[in-house]
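Residue-level listing of the chains:
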Amino acid sequence: MDSQNIKELQQQFITKLTLLFGDYDPAANKFIKSSNSDIARDLSYSDAQFSRLTHGSASEGEYVRGLRLVDRMLQVRELEQMLAAKEAVPAAKENHPPYKQLLLASSILIGVMLVLLLLPSRGRKAQLDDQQPMSRDYTLNWAFGTSFINPYVKLKDLPENCDFRSYRYQGVWHLEKPYKIPLFRERNGFHYLAHEVNMYARSMSEQSSNGEFFEGYEYQLHEIWYDTRELPIDSFLQKSNPSLTRTAYQDLNLEEDENFVKVALVHTFFRNEFKIDSVHITRRGKVIGRDVELVNMATLVKSLGSKTSADDIANEIKLIVDKKLEDFSRPIDCNQTEVPQANFHLVEQGSTMSFNCVLTTGRFPIQYTKTYVLADQFIKNICR
């Protein structure tokens, strides 16, 4: 792309930023009311990345992504202004300090995360530059990880007596370890591997005054694998209880087993709602959006030995997407689990929540265990 077009993109980027952060001094290459470092953090950029964008030395792809990000921030500000106007109406005056926070989080996160799931698969097949594309959970990370939105309940928002059960549960939770589920269908050989989870949890102060509810916006990176032997599903289930998978199956590393070939990635946006009582946590939730990405055809041909086999598996994946993944979109069916700590003030980074759940594929129920670990706790200090 020529320097003139880069100059125009740079100018668009700076012009839109002035709507958020005030006037810009081109001679000093800085904003008058906000430091470049603070703005970079709000955009989830490093100082060096932000400097390239303002100096005109970034690539076209960086500017396109930067403009998309700033547009989202402008939409957030517009929502804030609409909410502020609504709260100014006397009839709408209620004593719910986090109400604005709730609307901002739910409206933006649910809407924007759906866009997030679609962005990498539409209009971004061709890379605009030689840099890595943004991860699928970029916007989710941005929404929770920058000071511009930050929908967490803060220490200052807690009641005087600190009786707020979920405040220490806020933060980023990951999947402790992968789990597998064999898919029950007309043709054997396909397996669903839950590989990675990033869940951003926030207290739902609008639901109750004691913080018994919290919600988790979850990005899941799962995989579909094909067993070239096409062993029947019973091979992976316990004889004494066919709804349970064998320990050896769960311990199996598919990457190291030459019989298994990875054939697709499954990107999912999932919303959880948790309720905490004195000893238990109840989990409810459902899929909000999903995108299935077939492994590169050349890779499939190499792994399976022929283009005919690769085309056959590609068609099977389409059938799974059309039929069996509907089972994964039903509301989850999980048992209660015990709280990590009886004293909720003692929940800390590294705490786990483990749920025993049931997934029914093709009318065949299979039990699995999903364990979350608190990887990045938002409030690390105990309320006093």
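So, a few notes on the structure that sits alongside this text.

What counts, and where the lines are drawn
- Residues numbered from 1 in each chain as written.
- Predicted model: local features only at pLDDT ≥ 70, side-chain atom pairs only at ≥ 80, totals over all residues.
- Heavy atoms only, no water.
- Disulfide = S-S within 2.5 Å.
- Helix = DSSP H or I, 4+ residues; strand = E, 2+ residues; numbered from the N terminus.
- Buried < 20%, exposed > 50% of the residue type's maximum accessible area, 1.4 Å probe, protein only.
- Arc of directions from axis to C-beta.
- Pairing = 2+ DSSP bridges.

1. A look at the state of the cysteines
Then comes step 1: In the structure shown here, the tally under the stated rule is 2 disulfides.
Then comes step 2: C162 shares a disulfide with C383; S-S distance 2.0 Å. Classification of the bridge connecting C162 and C383 rests on its S-S torsion, roughly -70°, and on that basis the disulfide is left-handed. Pair noted here: C162 is in the loop between α6 (138-145) and β3 (171-175) and C383 is in the segment after β12 (364-377), with a separation of 221 residues, a long-range link.
Then comes step 3: Disulfide pairing places C334 opposite C357 at an S-S distance of 2.1 Å. One disulfide, between C334 and C357, carries an S-S torsion of 100° and so falls in the right-handed class. Here the residue C334 occupies a position in strand β9 (residues 333-334), and C357 occupies one in strand β11 (residues 352-361), the gap between them amounting to 23 residues.
Then comes step 4: What connects to what in the chain, once the bonded cysteines are numbered by sequence position, is 1-4, 2-3.

2. Considering helix α3 (residues 47-55)
The periodicity of an α-helix, 3.6 residues per turn, causes residues three or four places apart in sequence to face the same way.
Then comes step 1: The complete set of buried residues in α3 reads F50, L53 and T54. Taken down its axis, α3 places every buried residue within 95° of arc, on the same side.

3. Thoughts on the pairing of β11
Regular strands have side chains that alternate between both faces of the sheet.
Then comes step 1: Residue alternation in β11 divides its side chains into a buried set, M353, F355, C357, L359 and T361, and an unburied set, T352, S354, N356, V358 and T360.
Then comes step 2: The pairing of β9 with β11 spans 2 bridges and is antiparallel. The residue of β11 that forms the bridge with C334 is C357.
Then comes step 3: Direction of pairing for β11 relative to β12: antiparallel, over a ladder of 10 bridges. Residue V358 lies in a different strand from β12, and its bridge partner there is Q367.

Read these as spatial facts, not as claims about activity.
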